[in-house]
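# Fold and geometry: a report
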Amino acid sequence: MTHPLFERALTITRRRFFGSAARSLGSALGTASLLHLLGDEQRRPAPHFRPKAKRLIYLHMEGGPSQLDLFDHKPQLRARFDEDLPDSIRNGQRLTGMTSGQKRFPVAPSVFRFTRYRNNQDGAWISELMPHLGTVADELCFVHSMHTEAINHEPAITMFQTGTQQPGRPSLGSWLSYGLGSSNSNLPTFVVMITQGFGNMQALSARFWGNGFLPSEHQGCKLRSSGDPVLYLRDPGGVTTADRRAMLDLVADLDERERDATLDPEIEARLAQQEMAFRMQMSVPELTDLSGEDEATLQLYGDDARKPGTFASSCLLARRLAERGVRCIQLYMRGWDQHGALPKEMRLQAKAVDQPIRALLVDLRRRGLLDDTLVLWSGEFGRTVYSQGTLKHDDYGRDHHPRCFTLWLAGGGVKPGISYGQTDDYSYNIVQDPVHVHDLHATMLHLLGFDHERLTFRHQGRDFRLTDVFGKVVRGILT
Amino acid sequence: MITESALTQFLGRLHPLVLHLPIGLWLGIGVLEFGGLLCRRPASRGTLAVLAWIAAAAAALAAGAGWLLAQEDGYGGRTLEAHRWLGVATAIIAVFAAAIAGLQRRSPFRVLLAFLLGTMLAAGHLGSQLTHGEDWLAAPFVPPPPAPTFATAVQPLFEARCSKCHGANKQKGDLALHTRMGIEHGGKNGAVLAAGKPDDSEMVRRILLPADDEDHMPPDGKPQVTPKELGLLRAWIAAGAPFEGEFAPTPPPRREPAHRDADRDPAPDHGTAAGDDTGNAGKTTPQAAPTTQPAVAPQQAPQQPAQQTGPQTPTEQPHGGTPAPATPGGRGGDGTDAPATDAAFAAGLQALRARLVHAAPIAEDEPGLWVDFAPIAATMTEAEARTLLTPVAARVAELGLARVPVDDDLLALCARMPMLRRLDLRQTRVTTRGLQALAGHATLQELVLAETHLDDQAADALLQLPALRKVHLWNAGLSAAALAKLSARADLHVDTGAAPAAAVLEVEAPPAGNPAATPGAAPAAAPAAAATTPNAPANTAANADALRPVNDVCPVSGKPVDARYVVVHGGRAVGFCCPNCPKTFWAEPAKYPVAARTN
């Protein structure tokens, strides 16, 4: 075994060693690259300052839920039914291929009725689609002035998850795992669950919870919604736990020799993952075993709580994961991409999430977890005020709209019961306090105890960070 | 702008380029001419003439360029003069030779050619001496100088510089440098050399003192030690002062002598990253270099020769970062703790982590720990928790014991944790007695007691905690009166965990009647609702419980409503009898009119 300091410092692959050595010249060959390597791994096993939130639960509504029909209340649009969207409002915004062929852009007010619930400001308007959420309106911090650049799903979700529209960078959960030090635990630091929706569904790629260029122990672990939550955890027939343990010990021994010889950090990641998988044999069944939950709690989430694969079941599992020390839990709900048949589809979508989300917040609060859990509900962009397709009084569709959309946060360190930011009368442009996705990331990292400019990783000669070169913490939503 | 001097410089610098042409051409002409002589078949005169003129012109150009080049700074000396005039001579002879190259009689031309080649050879040789130095060609054949030994290198030094006062006839300061024993023994002030450490050797120190220092050796006025001799001496000491055998003649880089380091702060920088790759090398104490060199030795073998040439700064010092454990999944948090020397604390931390308990500093700049048993609460026992917590108790700031079967004894330990700020005891076996043990804790701010089995006296116990700001008491067994008593304290936030109800301030009016929808489309909710309920929906929605269904019978089946299955439609909460009817209702809401209660 090599000296521990040396071992930690030289966790590099052969290719990196020779790659960086080749960049140096002559007699400084090894020394310069050695120094470069020693400064390379900027692992921070702790937050930079005391965090307000210790864990993150991120509810991503894939497809882009319509803010006009949920949270952005524009009653004055009722008088403008079927009017053309003024050019002064649209200001030459680029259209997607789906609506660019339309001759008209008629304003489509929402068919849903809004209710104003008491909060710590002058009330939160929430539509009839989410009455359960209305009961916890005083916990929610709405941000109405979100904006992004991406107009289509893949780049937009990539932007939300990794901080840039191009794929290849680590996801938010991976950055957290890296920053907190992927702790020695029996559940992964970063867990993902996906729920199918009822409306138009778009693809979800595994790289949305991938580790990019960070060591692969930081990648998200997706729990399957039916059957075994994680494949191949269970010992196959005829293999006992002792056998499995012996096998793992032998493989670990061989891997360690290889690691000592080549100093490949991926081997360390592999060793960590194998040990984690062994421990997950016990911890995952314990996680998904709902027999210990009392009936009242299950009723809180609704009947779907017992059905694996539903959003309610995922929310319940999210709370259980939070209880068991998982630091980043992501729930994806598909089907919010209402290009057409919006009223019908949104009713189904909203009904599936409304009660479980409220239940999750109430459940976390009861168990004393909400104050140090950051909960985020968000789509990847918003939807247009004009109708896509034929506009009827009771039926319309909406196209993608990145220029303004709404999300909400709750929990650790977020000012509860406020609305931040404002859009114009058409919910088309932002008139006050714009918040970009990078700013959101910066704020989230701040709440989790990190200075977004200091949580970096050197790759290809550059110090990458989640917020790239952008992002400012939004002080207005912090307590 | 091209100045005249720049132009002349440029033209002068063409000399090394241009001179190859006349050399090649005249040699070629020589081969042709003398080859023809040998073979008795003279080369074509016309061809030779042409070649000769070209060669002469080239020679003239080369000489001219060389003349201009010689004007540059840095050129001078006898070699240059000789080269210059030989070069000019070559050019002049070349012109004459070209003039007679075409004649019938060959011998004058051959004579001139022979002279020309001679001067050209000489000029060329001198020219290359100017550029590459003397002995350049022969250098590869020169054997390397023999490695020095004590007898050949060091003893003559002592003989020449030191023996007058420290030799056979005189031993100033009781120091004799003419015998082995004398050298090793030193003088009345102690040893004069430390084997392996030239810069710690008194001998070297004295030689390096300023000349006017009274301790400087050899004394002022006597022949001094030359730098080359000093280098050999240091190299000899660095090699361990061997009296037999050879030693490497290159001395190690010089550094400050050891005894002066005691005043300096020895700790290298702690921890973080990169950017100062080159900067820190010279700045950290060089003392680090010998101790860590063995550790980095395996990778350093190719570096040793580079390091020993001249006064290079030792660049392979490892970053002063704290050594992090290399075990997979191991955490590096240890190094940032201040009392890293506290072995029991470190061991306690390791034990916690080995047991999969989360135990880490809350933040980089905070000494307090967050210890969370949540990952393995299901398999933890109270005794083990107590054993694990005792060594680290002094630094625990936030403690998560939820779902661990701890009881009041552990709370006695918690009461003694001086930094404890947050304590999570959800679903544990603690009772009021345990809370009483916590009474008076100065720093405890937040307490989670949900799902425990307390009684009303717990409220009194909680009021005994002066720093308490937040307490969670859902399902804790406290009565409403006790909770009210607690809530009465102004700065204490009590969370009872009650399910929140909607606090409705305003409901939007339904949209004004719209033209009839096209048949077959999903009908709007509003017309149906307006037709069946004369009451403004605002009444029902204004209920504190906005989810109480407005109807008593299921619109789809006609069976009594089960309050669990409620769907909001058209601004009203519509109840159904079972989970299947809502789907049917949604498909065609107009088909199933809702009979709202009219009360």
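Keep in mind that this is a model prediction, so the values were computed, not measured.

Take the overall build of chain A next. What chain A contains, in helices and strands, is 13 helices and 17 strands. Counting the 479 residues in chain A, one finds 65% classified as buried. Here the contacts in chain A between residues at least 6 apart in sequence split such that 78% fall between residues at least 24 apart.

To continue, consider the confidence of the model for chain B. Residues and elements named next belong to chain B. Considering every residue of chain B, the mean pLDDT works out to 78; 79% of them sit at 70 or more. When the elements of chain B are averaged for pLDDT, helix H20 (residues 525–532) gives the smallest value, 34, and strand E4 (residues 422–424) the largest, 95. A low-confidence stretch, residues 260–340 (pLDDT under 50), is modelled with 113 contacts involving residues beyond four sequence positions or located in other chains. Considering only residues more than four positions removed or in separate chains, one finds that residues 514–544, a stretch of pLDDT under 50, has 30 contacts. Reported confidences for the modelled complex are a pTM of 0.61 and an ipTM of 0.84.

This brings us to the packing of helix H8 (residues 241–262) of chain A against helix H9 (residues 265–288) of chain A. Axes are the key here: two packed helices are described by the angle between their axes and the distance separating the axes. All names here are of chain A. Put simply, H8 and H9 touch, their axes get as near as 9 Å, and they point 170° apart. For the element pair H8 / H9, the angle class is roughly antiparallel. When you trace H8 past H9, the crossing you get is left-handed. Contacts between H8 and H9 involve Thr 241, Arg 244, Arg 245, Leu 248, Val 251, Ala 252, Asp 255, Glu 256, Glu 258, Arg 259 and Thr 262 on the former and, on the latter, Ile 267, Glu 268, Arg 270, Leu 271, Gln 274, Glu 275, Phe 278 and Gln 281. Classifying every residue of the contact of H8 with H9 by side-chain character gives 6 nonpolar, 4 polar and 9 charged.

Right, let's talk about helix H14 (residues 343–354) of chain B for a bit. All names here are of chain B. Between its first and last C-alpha atoms H14 spans 16 Å; for 12 residues at 1.5 Å apiece the expected length is 16 Å, and the two agree. Turning to H14, its buried residues are Phe 345, Gly 348, Leu 349, Leu 352 and Arg 353. Across the axial projection of H14, the buried residues extend over an arc of 135°, all falling on one side. Those residues of H14 that are exposed and angled more than 90 degrees off the buried face are Ala 343 and Ala 354. Those residues of H14 hidden inside the fold are in contact with strand E1 (358–361), strand E2 (369–372) and helix H15 (382–389). One or two steps after H14, the chain reaches Leu 356, where phi turns positive at roughly 70°.

Moving on to the sheet that holds strand E2 (residues 114–117) of chain A. As summarised here, the arrangement of the 3 strands in space is E3(A)-E2(A)-E8(B), forming an open sheet in which the pairing is antiparallel. Because the sheet does not close on itself, it has two edges, and the strands there are strand E3 (124–127) of chain A together with strand E8 (504–507) of chain B. Neighbour-to-neighbour, the strand axes of this sheet turn through a mean angle of 30°, independent of strand direction. Where E2 of chain A meets E3 of chain A, 4 bridges bridge the pair, whose relative direction is antiparallel. Across the sheet, Thr 115 of chain A pairs through a bridge with Ile 126 of chain A, a residue of E3 of chain A.

The residue Lys 74 of chain A is located in the loop between strand E1 (55–61) and helix H4 (87–90) in this model. Look past the residues within four positions of Lys 74 of chain A in its chain and what remains in contact with it is Leu 68, Thr 423, Asp 424, Asp 425 and Ser 427 of chain A.

Another point: the packing of aromatic side chains. How two aromatic rings sit relative to each other is given by the distance of their centres and the angle of their planes. Inspection of every chain in the model, using the stated rule, returns 18 aromatic pairs over all chains. Aromatic side chains Tyr 178 of chain A and Phe 457 of chain A sit 5.5 Å apart centroid to centroid with 80° between the ring planes, which places their arrangement in the edge-to-face category. Pair noted here: Tyr 178 of chain A is in helix H7 (residues 172–180) and Phe 457 of chain A is in strand E16 (residues 457–459), with a separation of 279 residues, a long-range link. Each member of the pair, Tyr 178 of chain A together with Phe 457 of chain A, is buried. Taken together, a centroid distance of 5.5 Å and an interplanar angle of 85° make the contact between Trp 236 of chain B and Phe 243 of chain B edge-to-face. On the accessibility criterion, Phe 243 of chain B (13% relative accessible area) is buried. Each member of the aromatic cluster is reached from another via a ring pair, and the members are Phe 71, Phe 142, Trp 336, Trp 377 and Trp 408 of chain A. A cation over an aromatic ring shows up here: Arg 84 of chain B above the ring of Trp 67 of chain B, its NZ or CZ 4.7 Å from the ring centre.

Parameters at a glance
Residues numbered from 1 in each chain as written. Chains lettered and ligands numbered in written order. Predicted model: local features only at pLDDT ≥ 70, side-chain atom pairs only at ≥ 80, totals over all residues. Heavy atoms only, no water. Helix = DSSP H or I, 4+ residues; strand = E, 2+ residues; numbered from the N terminus. Buried < 20%, exposed > 50% of the residue type's maximum accessible area, 1.4 Å probe, protein only. Contact = heavy atoms within 4.5 Å. pLDDT = per-residue confidence, 0-100. Axes fitted to C-alpha atoms, helices over the stretch in contact; angles between N-to-C directions. Parallel < 35°, antiparallel > 145°, perpendicular 65-115°, else oblique. Left-handed = near helix turned anticlockwise from the far one by under 90°. Nonpolar A, V, L, I, M, F, W, Y, C, P; charged D, E, K, R; others polar. Expected span 1.5 Å × (residues − 1). Arc of directions from axis to C-beta. Pairing = 2+ DSSP bridges. Phe/Tyr/Trp six-rings, centres within 6.5 Å; stacked < 30°, edge-to-face > 60°. Lys NZ or Arg CZ within 6 Å of the ring centre and 35° of its normal.

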